[in-house]
Structure formats: structure tokens, C-alpha cells
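# Coordinate inspection notes
Here is what each chain is made of, one letter per residue.
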Amino acid sequence: MRAVGSSMTSTTLQRPIRRDPGGMGRTMWGCGRGRALIRCVWLGMALAALLSTRAPAQIHPVPLDAKTDPAKCLECHQDKTKGKSVHSAMAMGCLSCHEIRVNKDVTRVKLITATPVSLCVSCHADKKAADIQGTVHPPAVRDCLACHDPHTSDNKNQLLKPTSGGEKENLCLSCHDTGLHVPDKGSRHAALDMGCDTCHTIHKTGPDPTPENQFHLTKPAPALCLDCHDAKDADLQKAHDNQPFATADCLECHDPHQSAQPKLMAKFTHPPFAPGGCDTCHAQAKDGKVVLTQTDIKSLCGTCHDDQVKLIAGAKVPHPGAMGDCTDCHSPHASREPGLPKTNGVSICTGCHTDIDDLRKKPFHHQPAFGQACGICHTPHGGDNEKLLRVAGNGLCLECHGPDSVPQKTADGNLTIFNGAVTLPGDYYQKNKVPILPLRFGLGHPVEYHPVSDVMDPTNQSKVKTKLSCLSCHQPHASAQPDLLVNDQANNMAFCDMCHKNRLNMEQTTAPIPAKQ
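Here's what I pulled together on the structure shown here. Being a predicted model, the structure only gives us computed values, none of them experimental.

Procedures and definitions
Per-chain numbering applies: the sequence of each chain, read as written, is numbered from 1 onward. Two thresholds apply to this predicted model, a pLDDT of at least 70 for residue-level local features and 80 or more for giving and counting side-chain atom pairs, whereas whole-chain, interface and lining totals are computed over all residues. Computation of side-chain values: all heavy atoms of the structure, hydrogens and water removed. Strands here are runs of E lasting at least two residues and helices are runs of H or I lasting at least four, both read from the DSSP assignment and numbered beginning at the N terminus. Any residue under 20% of the maximum accessible area for its type is buried, any over 50% is exposed, and the rest in between are partly exposed; the area is computed with a 1.4 Å probe on protein chains only. In this analysis, two residues are considered to be in contact whenever any of their non-hydrogen atoms come within 4.5 Å of each other. The accessible surface values rely on the Shrake-Rupley method and a 1.4 Å probe; as for residues, cover is taken only from the protein chains in view. Criterion for a salt bridge: a side-chain nitrogen of Lys or Arg within 4 Å of a carboxyl oxygen of Asp or Glu. Charge assignment: positive for Lys and Arg, negative for Asp and Glu; neither His nor the chain ends contribute. Joining through side-chain atoms within 4.5 Å is the link that ties buried Ala, Val, Leu, Ile, Met, Phe, Trp, Tyr and Cys residues into a set, and such a set is a nonpolar core. Paired strands, as defined in this entry, are two strands with at least two bridges between them according to DSSP.

A word on the overall build of the protein chain. Summing up its helical and strand segments, the protein chain has 13 helices and 21 strands in all. A total of 517 residues make up the protein chain; the buried ones form 30% of that total. For the protein chain, the share of sequence-separated contacts (at least 6 apart) that also reach a separation of at least 24 residues comes to 54%. Accessible surface for the protein chain amounts to roughly 31500 Å². Of this, 57% is attributable to carbon and sulfur atoms.

Let us look at the pattern of salt bridges. Across all of its chains, the model carries 13 salt bridges by this definition. In this structure, Asp-227 and Lys-219 form a salt bridge, with 3.2 Å as the shortest nitrogen-oxygen distance. Note on Lys-219: relative accessible area 30%, which makes it partly exposed. In this structure, Lys-310 engages Asp-306 in a salt bridge whose closest nitrogen and oxygen atoms are separated by 3.2 Å. Placement of the pair is Lys-310 and Asp-306 together in helix H7 (residues 306-314), with a separation of four residues, close to one helical turn. Judged by its relative accessible area of 56%, Lys-310 falls in the exposed class. One salt-bridge network, in which partners are shared between bridges, spans Glu-99, Arg-101 and Lys-110.

Positionally, Glu-252 belongs in the loop between helix H5 (234-239) and strand E8 (258-259). Summary of buried charges: Glu-252 has no salt-bridge partner, and the nearest side chain of opposite charge, Lys-342, is 4.5 Å away. If we ignore the near neighbours within four places in the chain, the residues touching Glu-252 are Ala-266, Ser-331, Pro-332, Ala-334, Ser-335 and Lys-342.

With that settled, consider the nonpolar core. Formed by 15 residues in total, the largest nonpolar core has its most connected members in Ile-376, Ile-417, Phe-418, Val-422, Leu-424 and Tyr-429. Where this core is concerned, the elements lending two or more residues are helix H11 (395-401), strand E17 (415-417), strand E18 (422-424) and helix H12 (428-431). Ranked by size, the runner-up nonpolar core spans six residues in total, among them Val-346, Ile-356, Phe-370 and Ala-478.

Attention shifts here to the pairing of strand E5 (residues 106-111). With two bridges joining them, strand E2 (residues 58-59) and E5 adopt antiparallel strand pairing. Opposite Gln-58, over in E5, you have Val-109 as the bridge partner. With six bridges joining them, strand E4 (residues 98-103) and E5 adopt antiparallel strand pairing. Bridge pairing links Ile-100 to Val-109 in E5. Here E4 folds back onto E5, and the loop between the two strands holds two residues, one of which, Lys-104, carries a positive phi near 55 degrees.

One open sheet accounts for three strands, arranged E2-E5-E4; its pairing is antiparallel. One side of each edge strand has no neighbouring strand; the edge strands of this open sheet are E2 and E4.

Pasting the structure below:
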């Protein structure tokens, strides 16, 4: 999966060096006041974030008795019971959600729970994000009121605004800018004007990382697309060079919202396909089936990608998945991602590597493993290193997290690492807050002077005293705890005790057991 644009003119991109925010701090001993201050600041920030989501107890303008009949509320709040879409809980009475508190003649009305979301899921238990496996729409995680009115609305499901219309009218466009900034020579899907709920059901999801679940689609493609587009339409057939397309996944080639290219073409296109050179690979269809210009797919791809064919056949460490047809993994036409994966850079691998996909259930992920692409760390067609790693040992991790590694900036604003073999978005390091370790001479993480690689015997520098690597402490894919520590352990002294058995003499160590992921 060689990166797009790796041959472009590159310039050095300087990255700010961060002080290991994911580690245990700059030093572990003798840092009492400074460390305590940092903890207090973190605690204060966390408390402020928590309080910002809590429902405040409002002072009621009229004194009430704590046992006031709910019907009394309607004398002033009758409007809360009228509208095109009234919350069914209104029929249960105001005190099903609110409570009256009287203290020193001051009446306050508050929710019966600490936060609105905890109140909502007390009835709507199927919407509780913590119990849902799959992609949850971010507002639904902690802020139901970002989209819904709790009492009544003129929109279905008590939405604050409709899901159609212009930027000011459409609720979805309060957060998303889809379809609003289309390049001059680009294209925009007309279905956007029909309303977002034409294609999306926001609370729909599932454990399988399919586009239907990830993007909350009403149904999968192509069935969703064929609700509007007739596969028998002559103009549509001509646009597809009279090749059979009715059962193809439309999202492989097309962006469903907008594109910088005509006809909603995906961002990355296969060179023969982009200019319309379909006859490079295709003969005329026969009996409704695709006919290729070569006898089989691999032979066809090899006419241009002979270097990859040789790599797959001669790799020291072969990838069994690459031995089949190229189109098992790659789209022959277009894709949303470089390398033209049929789905995305993660799911295309985890479809076979189900043991790794199971790790997705853990709450803390290594961003490349589940958020970007497996091909950042692994060579997909075969390589020289165990587990198809791009670099053996710590060099793999330090390509991103090392102080001396500097990604190259390409002419189109992307970044490349591993000597141009991998392309990342230009804002990758900032957006994902990639920690840069303050290492010097292989020392400095998780605390000052702590080694990160093999410790040599001081009496014999050719002999390893203690085997050590990044995997001695960290898991490469996911963990049940922050910092991805081995055995899903928490970041505390108990973890350090695995090697440092004597806290009075931290130099006495035992060799750690590497992560097995």
C-alpha cells in the first residue's frame, strides 16, 4: 500500500517536541510539589468539564411546596404540551423528570438526575453509549439536548431544527459543513437537498465496522443508492461504459456528499480509470458480466504493477493475503484513501485478522491501528521483518514518537514517513496529539534516564544484561487502560514493580515480558 505522492518534492517539516504527556512525568522521584500542582490542574480541568455537563438547579420565580401536584406546572407551562412532536414523557407528569426542592423559602426545580443524558437513558436505555458496540454519533454520547428539545418541537423526534434546508435551518449543519464548500470544479450530491435523514438514521450502529454502521446509513450501498438511481437508466449505463454496476458498492468510487472532482469521484482514483481509460482493463461486458483484457485479475494488474508482483512472490516474510487476487483488498477504480483499499486502511485488514479486530472492544486504541491504517506500521504485500513490520525493533515506534524523526511535507500538504513509503494527513501529529519522547542516547522514557532499549552489561559491552524494547511496556494495538501498557495494567508504581522489585534500589531489575499483541 505505497503512499500516494511519495515521489513529490519534499521539504522538511519541523515538529514541536512535547514532553511525553502519555508517560509518568518528567521524573518520578523528588518532584513532589510540581507533580502535585500538575495533578491539581488536571483535576480542576476534569471537574470543570464534569460540572459543565451537569444540570443546574434553577431558582423558580414562584414559591412552590415540595409536594406540589404536577398539574400545577401546566398553569404556566401549558406550551410545553403543545406542538407537532411532544415528548411522550409529558403524559407521565413533570415530576417524572423534574423535582422540586425548597430550602429557606427558596424554591429550586432541577432534574432528578445529575445530568440530562443520564435522565434520558433511564428510559431510552438502548441509546446509552457505554453499552453500545460500534460508532456512536458524538452528541449522543453525552449531550442529547444538542439535538433534541426535551418537551416539544415542530420537528419529528423533538429535534431542535429540521434535518433539511440551508446552513441556518438544518440541524446537522450546526456541526457539519457537508455540501457547503464545494470547489468550483467539484460536484455536490443533489440528495443533500432532500435532507440528511434521507440516507442517515443517526442512532443506528452496530459492532461490525461497515459503512452502514459507521455512517449510520438507513441501508447499505448499493441498495441505498438504488432507491433514487435506476440502474436501467440509459444515461447512467453510458456513464459506466455499459459495464454491469447494479451490484457494485457505489461508495468505492463515489463520495456520497461532495467531491473536488466531477461526478462525485472519490479522492483517490486508479490512473487508468481516472481519464476514462476503461478499455485498458475491460473488454465489452458479456451476458451482464465483466470481461477483462487479461485471463485473470492478477495477470491484469501485473501488466502495470510488476514490481508489486515480484515483491509478493519474493518477500522474505510473505503476506498470505497478498497471494490472492489484488481486488480482494484493492478497488480497481477509486477509493477514499491512498493505496485504493476497498473499504478503509483498517477494516480491509481486520476482515481477515479477526483476532486484532477483537481488540477494538478495548476502550483505548493505538490511533494507527484502529483510526488510520494498518499499513502505517505493516507492509501489506510482504517484507523482511517479522509480522511484516516496516522496521524491526524500536525504530518502528520512534519513526513517529522519536525526537529525531522528522516527517517530510509534500507539495500537496501531506506528510510522509518511512522514507516516503507512508503518507499521512498534514495535520496528523497535531490532530492526534502524537507524543514525542524526550529521549537522549536511548534514555528518557517514561522518566529521565530510563532506558528504552537493551541494557548492556557494563563489564562486557557485547553482552545484553536486560532485554528491553517499546513492547516491554506497551501493547501495539489496544488496551483496557490509558497508555497501552502490557497486560492492560494501569499507569502506576505497581506496573513498575514488575521489573523494579526493590523500590529502595530501582537499579535492581528483572527482564520484562514483552507484549504479545
